[in-house]
Amino acid sequence: MQPEVGEADADQCGVDVVHADAVRAARARIPPDDDIAHAAEIGSLLSNPTRLRIVVALAPTAGEQALELCVCDLAAVAGATETHTSHNLRALRLAGVVTQRREGRLVYYRLGPDPVARGMVAAIMLADRRG
């Protein structure tokens, strides 16, 4: 009778490499470490619900122009205080996820050009299960 495989053993196959060609091909697809670190940083930033609400609010839908909203409008959208929203916008701006434009006393934010952030936001928009 075979012993049961414990959960700790389930993730290990007991050999170094079974399919060397497949492993080489998979490794060749992995971006450079800097790109991986950048994607992880953006993912970490967007794991915060307030930040996620902010970037989704700024993301254009099909056929729509990019939105620009000020801190007070984004606070209303995110359901947060202006101070909390401003703090989160600073983190998003420093990472290049959003950009800002000043008009008099108001600062308007829009989704930045970072392709990793835009891709993650697009994926989140696709995952909307309401429709």
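In short, a report on the structure. (Residues numbered from 1 in each chain as written. Predicted model: local features only at pLDDT ≥ 70, side-chain atom pairs only at ≥ 80, totals over all residues. Heavy atoms only, no water.)

**Brief notes about the overall build of the protein**
Across its full length, the protein carries seven helices and three strands. Counting from the amino terminus, the protein carries its helices and strands in the arrangement α-α-α-α-β-α-α-β-β-α. Residues counted as buried form 24% of the 131 residues belonging to the protein. Of the roughly 9,500 Å² of accessible surface on the protein, 53% is carried by carbon and sulfur atoms. (Helix = DSSP H or I, 4+ residues; strand = E, 2+ residues; numbered from the N terminus. Buried < 20%, exposed > 50% of the residue type's maximum accessible area, 1.4 Å probe, protein only. Areas by Shrake-Rupley, 256 points an atom, 1.4 Å probe, with all protein chains shown as cover.)

**Looking at the sheet that holds strand 3 (residues 106-111)**
Taken together, three strands build an open sheet; the order of strands is 1-3-2 and the sheet is antiparallel. Looking at the sheet topology across the chains shown, the edges are occupied by strand 1 (69-70) and strand 2 (98-103). Two elements, strand 2 and strand 3, share six bridges in a ladder whose sense is antiparallel. Bridge assignment links Thr 99 to a residue of strand 3, and that residue is Arg 110. (Pairing = 2+ DSSP bridges.)

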